[in-house]
Amino acid sequence: MFLNKYLRSLGLLAVVPGMMLGGCAGTGGSTGGSANEGPITIASQGSFFVGGRQVTAAGKFDATASPNPPTAGQTYWVDQMYVQYQIPVNARKYPLIFVHGGSGTGRVWETTPDGREGFQTIFLRRGFPVYIVDFPRRGRAGYPSFGGPFGQLDDKQQIVANRTGQAGREYAWSRWRLGPKYPDVFPVQAFPMNAVDSFLQHLVPTVSDNAEIISGALVKLLDKIGPAVVVTHSQSGLFGWLAGARSPNVKGIVAYEPGFVFKQGEVPPPIPMYKGSQPSGTPVTPSEFAKLATIPLQVVYGDNIPRQPIPDLIADGRRAQVVTSVMFADALNKQGGQASVLHLPDVGLRGNSHFMFSDLNNIQVADELSKFLNAKGLDGR
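This write-up is about the structure you can find in this document. Nothing here was measured: the structure is a model prediction, and the numbers come from that model.

1. Examining the layout of surface pockets
Here the largest pocket defines a volume of roughly 600 Å³. Every residue lining the largest pocket is counted, 27 residues in all, and those nearest its centre are Arg175, Ser234, Gln235, Gly259 and Gln321. At the level of elements, α3 (169-175) and α8 (313-333) are the ones that each hand at least two residues to the lining of the largest pocket. Here the lining of the largest pocket takes three residues from α8, the largest share from any one element. Tallied by class, residues from the lining of the largest pocket come to eight nonpolar, 16 polar and three charged. Its volume calculated, the second largest pocket comes out at about 290 Å³. In this structure, the second largest pocket is lined by 13 residues; those nearest its centre are Gly302, Ile305, Arg307, His343 and Pro345. Tallying contributions element by element places α8 first for the lining of the second largest pocket, with three residues. Across the lining of the second largest pocket, the residue classes break down as five nonpolar, three polar and five charged.

Right under this line is the structure:
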């Protein structure tokens, strides 16, 4: 009732056609399903680490040097990926690997900020094994430094760069489309605005991320569990493309508002913005790009993205990304690929934020993912 009154006070009660605030009913059929439908029978669950390497700090370990363990001479694990998994009874053939984006951890795929079921549970209910990662240098995976400031380690395990950052409320508001600028809210908004503080509390620093290390860990995960569908968000879009280009076990990729890759020598020029420009993508080898063209791919965007350049460069960058997505799909499809771009407003879903899998209509967003998996033959048992 509180949420109902809150949305009504903002004039947002009808922002999402077909959404039932009390139960978030799905669209029905084989893809739909309501949240909180009762018990889920899990055949197995657990967690593990993949990838990583051991490093040893310079010097000799001296247990008498300090009452607290000194760094010198100690051996540490770095750059591993943390993986949490659940496998339901009578599981579908291909697991879903959910990969978080910038300033986040795998927690973003779990319960939504306002307490509803997230994609982890929604897709368990639909019969998919679900793997959620904290990628290397983030969250439960650990950090790229065993002492001193966070940063990048050189061959001698010395800090050579200190690259940390975290999205704050004002940046998040614009970039992730909670509203045009803090504290304004879009007239049509599907993000649970009564839970913004809970959402902001989940954010963590982005610590010296490395695309080769993270995508390499994804490949090792795929080596371990076998064929799967990779679902990425934002920053991790690049890591998903690289994993798909390098692992035979990637059977499909769905990317929520990602960055892009292009064949070496064919990267489009930077996309003009209101001020300056934004690089269009990361180059990969011709063979890697050709491998991506063999995989069913879908890029998904939410609502309230500018259609023309605007002075807010944080939001304008998302518009430039949308422009690039068309070039990306066209480039793949010219090589016989199976790439498509889905704008949720085009299928009647309005007001979705950058975190559409956490939005009030996340059941309907999940339905679109289920439709894609079904259309590509990726949901068999």
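2. Quick notes on the sheet that holds strand β2 (residues 75-88)
The pairing of strands in a sheet comes from backbone hydrogen bonds and takes either a parallel or an antiparallel form. Read from one edge of the open sheet, eight strands run β1-β2-β4-β3-β9-β10-β15-β16, paired in mixed fashion. This sheet does not close on itself; its edge strands, each paired only once, are β1 (42-56) and β16 (338-343). Between one strand and the next, the sheet's axes are offset by a mean angle of 20 degrees, whatever the strand orientation. Pairing of strand β9 (residues 228-233) with strand β10 (residues 250-256) involves six bridges; the strand directions are parallel. Directly across from threonine 232, in β10, lies its bridge partner alanine 255.

3. Observations regarding the side chain of serine 236
With respect to the element layout, serine 236 can be found in helix α6 (residues 236-246). Polar contacts involving the side chain of serine 236 include one to the main-chain amide nitrogen of histidine 233, which spans 2.9 Å. In contact with serine 236, other than residues within four places in its own chain, are Val99, His100, Gly101 and Phe135.

4. Section: the nonpolar core
Side chains of nonpolar character tend, in soluble globular proteins, to be buried together. Judged by nonpolar contacts, the single largest core of 44 residues is most densely connected at Met81, Ile97, Trp241 and Phe328. Discounting chain neighbours no more than four positions away, the residues touching methionine 81 are Phe48, Phe49, Val50, Val133, Asp134, Phe135, Pro136, Ala141, Ile214, Ala217, Leu218 and Leu221. Phe98, Phe128, Val229 and Leu369 belong to the second largest nonpolar core, which has 41 residues in total.

5. Digging into α6
Where burial is concerned, most of α6 is hidden: 10 out of the 11 residues are buried. Every buried residue belonging to α6 is among Ser236, Gly237, Leu238, Phe239, Gly240, Trp241, Leu242, Ala243, Gly244 and Ala245, and all of these are buried.

6. Quick notes on the pattern of salt bridges
Taken as a whole and assessed by the stated rule, the structure comprises 16 salt bridges. The closest approach of N and O atoms between arginine 53 and aspartate 79, which form a salt bridge, is 3.1 Å. Within this pair, whereas arginine 53 is found in strand β1, its partner aspartate 79 is found in strand β2, the two being separated by 26 residues in sequence. Residue arginine 53 is classed as partly exposed on the basis of its relative accessible area of 33%. Of the charged contacts, one joins glutamate 170 and arginine 169 as a salt bridge, the two residues approaching to 2.9 Å between their closest N and O atoms.

7. Considerations on the packing of aromatic side chains
Applying the stated criterion to the full structure yields 24 aromatic pairs. On the numbers, 6.4 Å between centres and 85 degrees between planes, the contact of tyrosine 171 with tryptophan 176 is edge-to-face. Since its relative accessible area comes to 6%, tryptophan 176 is described here as buried. Seen in terms of ring centroids, phenylalanine 191 and phenylalanine 199 are 5.1 Å apart; in terms of plane orientation they differ by 75 degrees. Their pairing is edge-to-face. Each member of the pair, phenylalanine 191 as well as phenylalanine 199, carries the same accessibility label: buried. Among the aromatic residues, those joined into a cluster by ring pairs are Phe98, Trp109, Phe119, Phe123, Phe128, Tyr171, Trp176, Phe191, Phe199, Tyr256, Phe355 and Phe357. Arginine 126 extends its terminal NZ or CZ atom over the ring of phenylalanine 123, reaching a point 5.4 Å from the ring centre.

Rules used in this analysis
- Sequence order as written defines residue numbering, which begins from 1 separately in each chain.
- Restriction of local features to residues with pLDDT of at least 70 applies here, the model being predicted, together with a cutoff of 80 or more for giving and counting side-chain atom pairs; totals for whole chains, interfaces and linings are based on all residues.
- Computation of side-chain values covers all heavy atoms of the structure but excludes hydrogens and water.
- Cavities and pockets were defined on a 1 Å grid built over protein atoms only: a cavity is a set of grid points that admits a 1.4 Å probe from which the probe cannot escape, a pocket is an open set flanked by protein on both sides within 12 Å along at least five of seven lines, and lining residues are those with an atom within 4 Å of any such point.
- Grid points are joined across faces, edges and corners, and a volume is the space filled by probe spheres set on the points.
- We count a stretch as a helix when DSSP gives it H or I for four or more residues in a row; a strand needs E for two or more, and each element gets its number in order from the N terminus.
- Each residue is assigned to one class: nonpolar for Ala, Val, Leu, Ile, Met, Phe, Trp, Tyr, Cys and Pro, charged for Asp, Glu, Lys and Arg, and polar for all the others, Gly among them.
- Paired strands, as defined in this entry, are two strands with at least two bridges between them according to DSSP.
- As a rule, the C-alpha atoms of each element are fitted with a line to give its axis, helices using only the stretch in contact, and angles between N-to-C directions run from 0 to 180 degrees.
- Counting of polar contacts relies on pairs of N or O atoms within 3.5 Å, with two restrictions inside protein: one atom must be capable of donating a hydrogen and the other of accepting it, and residues adjacent in sequence are counted only when both atoms are side-chain atoms.
- A contact between two residues is defined here by any heavy atoms of the two lying within 4.5 Å.
- In plain words, nonpolar cores are sets of buried Ala, Val, Leu, Ile, Met, Phe, Trp, Tyr and Cys residues tied together by side-chain atoms within 4.5 Å.
- Buried residues are those whose accessible area, probed at 1.4 Å on protein chains only, stays under 20% of the maximum for their type, while exposed residues exceed 50% and partly exposed ones sit between those limits.
- The term salt bridge refers to a side-chain nitrogen of Lys or Arg lying within 4 Å of a carboxyl oxygen of Asp or Glu.
- For this analysis, a ring pair means two rings from Phe, Tyr or Trp (six-membered ring only for Trp) whose centres lie within 6.5 Å, classed as stacked if their planes differ by under 30 degrees, edge-to-face if by over 60, and tilted for the remaining angles.
- Two limits define a charge over a ring: the Lys NZ or Arg CZ must be within 6 Å of the ring centre, and within 35 degrees of the ring normal.

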